[in-house]
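Here is what each chain is made of, one letter per residue.
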Amino acid sequence: MNHHSADEVAHQFESIRRRIDAVERPWTDAVEITAVTKAFAPTVVDTAVEAGCTVIGENYAQDLLSKRAAIECLVPHRRPRVDFIGHLQSNKVRQLVGLVDRWCTIDRSSIAKEIANRAPGAEVLLQVNATGEENKGGCRPDDVAALQRQCVELGLVVAGLLAIGPTGLPAEDAAPGFRLVRSLVDDLGLAVCSMGMTGDLDVAVACGSTNVRIGSLLFGARPAPVHQEGDGRG
Ligand SMILES: *Cc1c(COP(=O)(O)O)cnc(C)c1O
């Protein structure tokens, strides 16, 4: 299945911007849009950049590696930031170093150690499981502070937290978890609160997201992932 054209993506990007701006929220911080390119062909990288996207998100190591050439051939000022937003296995970190700018799914000390070893001083987000679902990644909310300390001791730069809303429920049901995650971000003195996808972006922004991760609304329906090492949410 093909992704939308750059014109269509630019149009969607603008309308998502307007939707975000229309949400009433007490915070003044800006909301960044990560364009989730997972499962699309490598041509999606050029399309995203042409459409004005400055951050792309990828879930699967192999999928991201297949886009390496498309990313690396961009001149530096056009090169998007690359967020790794999928479940991360330690044995994949080595291959992704140099390609990933922000590791967004740190949820255990073993993966933090691996990143600190392979990419000293890297920027990370800690993933929080705010829904209690067993099949979902993320550390328990009670464990975030300790994980943050460990990451800082390892020399990593902890920019914020990431959370995913509950699977298979109406968007509104994500609100309690999202509010909890925003309060953790504030308590820990962090800046980035990455929450909200195509299905729950308005709720997430209303609950204090500073970074929504949008795939299908920008690029169209996603093909089934070829590589299955991810979290199965693709
Ligand atoms: C796939 C994915 C997204 C984007 O999903 P859409 O519903 O297509 O917007 C965002 N965040 C994560 C962690 C994802 O896996």
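Residues numbered from 1 in each chain as written. Predicted model: local features only at pLDDT ≥ 70, side-chain atom pairs only at ≥ 80, totals over all residues. Heavy atoms only, no water.

Enquirer: So what's going on with helix α7 (residues 144-153)? Which residues, and what values?
Expert: Inspection of α7 places Val144, Leu147, Gln148 and Cys151 among the buried residues, and these make up the whole buried set. When α7 is viewed along its axis, its buried side chains cluster within an angular range of 105° and face the same direction. The exposed set on the far side of α7, more than 90 degrees from its buried face, consists of Arg149 and Glu153. (Buried < 20%, exposed > 50% of the residue type's maximum accessible area, 1.4 Å probe, protein only. Helix = DSSP H or I, 4+ residues; strand = E, 2+ residues; numbered from the N terminus. Arc of directions from axis to C-beta.)

Enquirer: How would you explain the packing of aromatic side chains if you had to name every residue and give the values?
Expert: The full count for this structure, using the stated rule, is 1 aromatic pair. An angle of 55° between the planes, with centres 5.8 Å apart, marks the rings of phenylalanine 40 and phenylalanine 219 as tilted. Taken together, the residues span a long stretch of sequence, with phenylalanine 40 in the loop between β1 (32-36) and α2 (43-50) and phenylalanine 219 in helix α10 (residues 216-219) at a distance of 179 residues. Residue phenylalanine 40 shares its accessibility class with phenylalanine 219, and that shared class is buried. (Phe/Tyr/Trp six-rings, centres within 6.5 Å; stacked < 30°, edge-to-face > 60°.)

Enquirer: Explain the side chain of asparagine 211 to me, and be specific about the residues and the numbers.
Expert: With respect to the secondary-structure elements, asparagine 211 resides in strand β8 (residues 211-214). Separated by 2.9 Å, the side chains of asparagine 211 and threonine 34 make a polar contact. (Polar contact = N/O pair within 3.5 Å; in protein donor to acceptor, adjacent residues only side chain to side chain.)

Enquirer: So what about the pattern of salt bridges? Which residues, and what values?
Expert: One pass over the full model with this rule turns up 14 salt bridges. Note that glutamate 32 and arginine 81 form a salt bridge whose closest N and O atoms lie 3.1 Å from each other. In this pair, glutamate 32 is assigned in strand β1 and arginine 81 in strand β3 (residues 81-84), connecting sequence segments 49 residues apart. For lysine 67, the salt bridge identified is with glutamate 58, shortest N-O distance 2.7 Å. Here the two residues lysine 67 and glutamate 58 agree in accessibility, since each one is buried. One salt-bridge network, in which partners are shared between bridges, spans Arg25, Asp29, Arg182 and Asp186. (Salt bridge = Lys/Arg side-chain N within 4 Å of Asp/Glu carboxyl O.)

Enquirer: Give a description of the environment of serine 66 that names residues and reports values.
Expert: Looking at the secondary structure, you find serine 66 in helix α3 (residues 61-66). The class of serine 66 is partly exposed, set by a relative accessible area of 40%. When the C-alpha atoms of serine 66 and glycine 215 are compared, they prove to be 18 Å apart, with 149 residues separating the residues in sequence. One polar contact links the side chain of serine 66 to the main-chain carbonyl oxygen of aspartate 63, over a distance of 2.7 Å.

Enquirer: Talk me through the nonpolar core; I want residue IDs and the actual numbers.
Expert: Core analysis: the largest hydrophobic core is formed by 66 residues, its most contacted members being Leu96, Trp103, Ile106, Ile115, Leu126 and Leu161. Looking at which element gives the most residues to this core, the answer is helix α8 (residues 175-187), with 5 residues. For leucine 96, the contacting residues outside a window of four places in its chain are Ala61, Leu64, Leu65, Phe84, Leu88 and Trp103. One finds Ile85, Cys104, Leu125 and Leu162 within the second-largest nonpolar core, a separate group that totals 8 residues. (Core = buried A, V, L, I, M, F, W, Y, C linked by side-chain atoms within 4.5 Å. Contact = heavy atoms within 4.5 Å.)

Enquirer: Describe the site of the ligand, listing the residues and the values that go with them.
Expert: Taken together, the neighbourhood of the ligand is formed by Val36, Lys38, Asn59, Ile85, Ile164, Met197, Thr198, Arg213, Ile214, Gly215, Ser216 and Arg222. Arginine 213 has a polar side-chain atom sitting 2.9 Å from a nitrogen atom of the ligand. A distance of 2.8 Å separates an oxygen atom of the ligand from a polar atom in the backbone of glycine 215. Here the ligand loses 96% of its free accessible area of 390 Å² to cover by the protein chains. Within the shell around the ligand, the residues separate by chemical class into 5 nonpolar, 4 polar and 3 charged. (Near = heavy atom within 4 Å. Areas by Shrake-Rupley, 256 points an atom, 1.4 Å probe, with all protein chains shown as cover. Nonpolar A, V, L, I, M, F, W, Y, C, P; charged D, E, K, R; others polar.)

Keep in mind these numbers describe shape, not what the thing actually does.
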